[in-house]
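A look at the structure
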Amino acid sequence: MIETKRLLLKTYTMAMADDVYKVINNPYIADTMIMIPYPYPRESVNNWIRYLMSSFESGTAFEYAVFLKGDEPIYIGNAGFVTVSQKHLSAEIGYFIDEAYANQGYATEACERLLHLGFHTHLFNRVYARCMARNIASQRVLKKIGMRHEGRFLQEFKKNNQFEDIDYFAILKHEYTL
């Protein structure tokens, strides 16, 4: 488990499935997430958690359940390295936060801690992120954690029968100062 000032980042377990479903099955989350549909089928949550657990074990991804601290911690989203290349010492960081907890700095707080973990524990040389060009909140998070905008890929993904432009951000180990 990873702890920040306000959050707990825990490895996923099947026991979290109901809480995950309540957050992920939301048009707010799906709207700007490349790979998350709405509605999100309940049975897909179990499959996703099994995938996350397997990926964590194999070292191909390190995603965490994000909980708000408290007497009874509350699941508020996901943050982690969604793809990892051990060969190239690089990883893609990704996250989502429940609509009820958005715009309160939780994604920034989780990602700051993940960058530290990525550069100091996993010894990554490069961490990058992608977000839809219209996802201004995500762009703010990425800039706050020190990432620079590397470019925009026009109409890179199609979601809900509409092409989406995707912005790429990154930070290199020697640039990391948090």
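Refer to the structure presented above.
Residues numbered from 1 in each chain as written. Predicted model: local features only at pLDDT ≥ 70, side-chain atom pairs only at ≥ 80, totals over all residues. Heavy atoms only, no water.

One pass over the full model with this rule turns up ten aromatic pairs. Taken together, a centroid distance of 5.7 Å and an interplanar angle of 75 degrees make the contact between Phe-67 and Tyr-75 edge-to-face. Residue classification places Phe-67 among the buried positions, given a relative accessible area of 6%. Both rings, one in Phe-81 and one in Phe-124, keep their centres 5.2 Å apart while their planes meet at 75 degrees; by these two values the pair is edge-to-face. Within this pair, whereas Phe-81 is found in strand 4 (residues 74–85), its partner Phe-124 is found in the loop between helix 4 (106–120) and strand 6 (126–132), the two being separated by 43 residues in sequence. Per residue, the accessibility class of Phe-81 equals that of Phe-124, and both read buried. Just above the ring of Phe-67 sits the side chain of Lys-10; from NZ or CZ to the centre is 4.5 Å. (Phe/Tyr/Trp six-rings, centres within 6.5 Å; stacked < 30°, edge-to-face > 60°. Buried < 20%, exposed > 50% of the residue type's maximum accessible area, 1.4 Å probe, protein only. Helix = DSSP H or I, 4+ residues; strand = E, 2+ residues; numbered from the N terminus. Lys NZ or Arg CZ within 6 Å of the ring centre and 35° of its normal.)

The subject of this paragraph is the pattern of salt bridges. Across all of its chains, the model carries ten salt bridges by this definition. Of the charged contacts, one joins Glu-164 and Arg-134 as a salt bridge, the two residues approaching to 3.1 Å between their closest N and O atoms. Of this pair, Glu-164 sits in strand 8 (residues 162–172) while Arg-134 is found in the loop between strand 6 and helix 5 (136–144), placing the two residues 30 residues apart along the sequence. A residue is classified by how much of its surface remains accessible, and Glu-164, at 7% relative accessible area, is buried. Put simply, Arg-126, Arg-148, Glu-150 and Glu-175 are held in one network by salt bridges that share partners. (Salt bridge = Lys/Arg side-chain N within 4 Å of Asp/Glu carboxyl O.)

With that settled, the discussion passes to the packing of helix 1 (residues 17–24) against helix 3 (residues 42–58). Between two packed helices, what matters for the description is the angle formed by their axes and the separation of those axes. Contact pair helix 1 / helix 3: the axes reach a minimum separation of 9 Å and the direction vectors enclose 120 degrees. Like other packed secondary-structure pairs, helix 1 and helix 3 cross with a definite hand, here right-handed. On the side of helix 1, the interface is formed by Ala-17, Asp-18, Val-20, Tyr-21 and Ile-24, while helix 3 contributes Arg-42, Val-45, Asn-46, Trp-48 and Ile-49. (Axes fitted to C-alpha atoms, helices over the stretch in contact; angles between N-to-C directions. Left-handed = near helix turned anticlockwise from the far one by under 90°. Contact = heavy atoms within 4.5 Å.)

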